[in-house]
Amino acid sequence: MVERGAVDEMPVGGEHLALDLVNSTFIRGGLRGHLVDVLVEPSDLGEWVERHAVGLDLASAPSGRLGAAELAAFLELRRALRAVLTAVVAGGAAEPADVAVVNAAVRAAPGWVELPAGGAGDPVRRSLSGERGPVLLARVARAAVELLTGGGREQLRACPAPGCILFFLQQHARRAWCSTACGTRVRVARHSRRQSEV
Ligand SMILES: [Zn+2]
């Protein structure tokens, strides 16, 4: 059973644009929990996009509607990214077909940055495509490329809590779990195991 969730119910958010797409499915309730998906309807994608306005640089994106086709493309990228991340954190190589999905998304709407009018400040993002869906998808895919080919790759972790499927960036050594909820759940489980062994 998959339950439809709201974007603000995501246990981990604001981590990284690409991880925020992958983490838009999560397990509620731990090991015996169930899958929650915040991207079920096209309007859910619209909400996710609005919540990532800064990361996606929405101000420079073409306007337009995000419908079923755009949602399907985002879900395909999410599936491929999850497969790639899973392989990479396990120390293995991703499937070429999954890598191809990410690269195709980047290529579908080539983009670049330009100097702003004053010569310095926030970069101005440009894109060859005038279509909102492909442009936004390409920005997420490019964020994934930058993560997996840059220094951030060393910080990439799959949450080790039983029943958790989320990814996070371990920016400091003390962060062991994706969220405090996972850390708490693991501590409570250890405690009750110890109690039952006494
Ligand atoms: Zn977790």
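The structure this text deals with has already been given above.
Notes on the structure follow. (Residues numbered from 1 in each chain as written. Predicted model: local features only at pLDDT ≥ 70, side-chain atom pairs only at ≥ 80, totals over all residues. Heavy atoms only, no water.)

What follows covers the coordination of the zinc ion. On the protein side, the zinc ion has Cys159 (SG), Cys164 (SG), Cys178 (SG) and Cys182 (SG) as donor atoms, found 2.3 Å from it. Every donor counted, the four donor atoms about the zinc ion form angles of 105 to 113° at the centre, which fits tetrahedral coordination. (Donors = N, O, S within 2.8 Å, 3.2 Å for Na, K, Ca; no water. Tetrahedral: all angles 85-135°; square planar, octahedral: opposite > 155°, others 65-115°.)

Our next topic: the packing of helix H3 (residues 68–89) against helix H4 (residues 96–108). Where H3 contacts H4, the two axes come as close as 8 Å, and the packing angle between them is 130°. It follows that H3 is oblique to H4 by the angle criterion. For the pair H3 and H4, the crossing hand works out as left-handed. In this structure, H3 uses Glu76, Leu77, Arg79, Ala80, Leu81, Ala83 and Val84 to contact H4, whose residues at the interface are Asp98, Val99, Val101, Val102 and Ala105. (Axes fitted to C-alpha atoms, helices over the stretch in contact; angles between N-to-C directions. Helix = DSSP H or I, 4+ residues; strand = E, 2+ residues; numbered from the N terminus. Parallel < 35°, antiparallel > 145°, perpendicular 65-115°, else oblique. Left-handed = near helix turned anticlockwise from the far one by under 90°. Contact = heavy atoms within 4.5 Å.)

This paragraph deals with the pattern of salt bridges. With the rule as written, the count across this model stands at twelve salt bridges. Arginine 175 is the salt-bridge partner of glutamate 15, the closest N and O atoms lying 3.0 Å from each other. Of this pair, glutamate 15 sits in the loop between strand E1 (2–4) and helix H1 (17–22) while arginine 175 sits in the loop between strand E7 (167–169) and helix H6 (180–197), and the two are 160 residues apart along the sequence. Neither residue differs from the other here; glutamate 15 and arginine 175 are each classed as buried. A salt bridge links arginine 79 to glutamate 76; the nearest nitrogen and oxygen atoms lie 3.1 Å apart. Residue arginine 79 and its partner glutamate 76 are located together in helix H3, separated by three residues, close to a single helical turn. Residue arginine 79 is classed as partly exposed on the basis of its relative accessible area of 42%. With a relative accessible area of 34%, glutamate 76 lands in the partly exposed category. (Salt bridge = Lys/Arg side-chain N within 4 Å of Asp/Glu carboxyl O. Buried < 20%, exposed > 50% of the residue type's maximum accessible area, 1.4 Å probe, protein only.)

Once that is clear, we can look at the nonpolar core. Counting residues in each nonpolar core, the largest one holds 46 residues, and the members touching the most others are Trp48 and Leu77. Sorting the residues of this core by element identifies H1, helix H2 (42–51), H3, H4, helix H5 (132–149), E7 and H6 as the ones contributing at least two each. Of the residues forming this core, the biggest block, eight residues, is contributed by H5. (Core = buried A, V, L, I, M, F, W, Y, C linked by side-chain atoms within 4.5 Å.)

Trans is the common state for peptide bonds, and a negative phi is the common state for residues other than glycine. With a phi angle near 50°, aspartate 57 is a residue other than glycine that sits in the positive phi range. Relative to the helices and strands, aspartate 57 resides in the loop between H2 and H3.

All right, on to H4 then. Under the 1.5 Å per step criterion, the end-to-end length of H4 is 18 Å for 13 residues, consistent within 8% with the ideal 18 Å. If you check which residues of H4 are buried, you get Asp98, Val102 and Ala105. Buried residues of H4 fall within an arc of 60° about the axis and therefore sit on the same side. For H4, the exposed residues set more than 90 degrees away from the buried face come down to Pro96, Ala97 and Arg107. Each element contacted by the buried residues of H4 is listed here: H3 and H5. (Expected span 1.5 Å × (residues − 1). Arc of directions from axis to C-beta.)

Here we take up a positive patch on the surface. A grouping of Arg187, Arg190, Arg193 and Arg194 is seen on the molecular surface, where their side chains present a positively charged patch. Tracing the backbone through its elements, the reader meets arginine 193 in helix H6. (Patch = residues over 30% accessible without salt bridge, like charges linked within 9 Å, V, L, I, M, F, W, Y side chains within 5 Å. Areas by Shrake-Rupley, 256 points an atom, 1.4 Å probe, with all protein chains shown as cover. Lys, Arg positive; Asp, Glu negative; His and termini not counted. Charge placed at Lys NZ, Arg CZ, Asp CG, Glu CD.)

Now for the sheet that holds strand E2 (residues 25–28). Strand order across the open sheet formed by three strands is E1-E3-E2, with mixed pairing between neighbours. Strands with a single pairing partner mark the edges of an open sheet, and in this sheet they are E1 and E2. Averaged over all pairs of adjacent strands, the angle between strand axes in this sheet comes to 35°, irrespective of strand direction. In this sheet, strand E3 (residues 34–37) lies alongside E2 in antiparallel orientation, the contact comprising four bridges. Looking at the pairing, isoleucine 27 lines up with leucine 35 of E3. (Pairing = 2+ DSSP bridges.)

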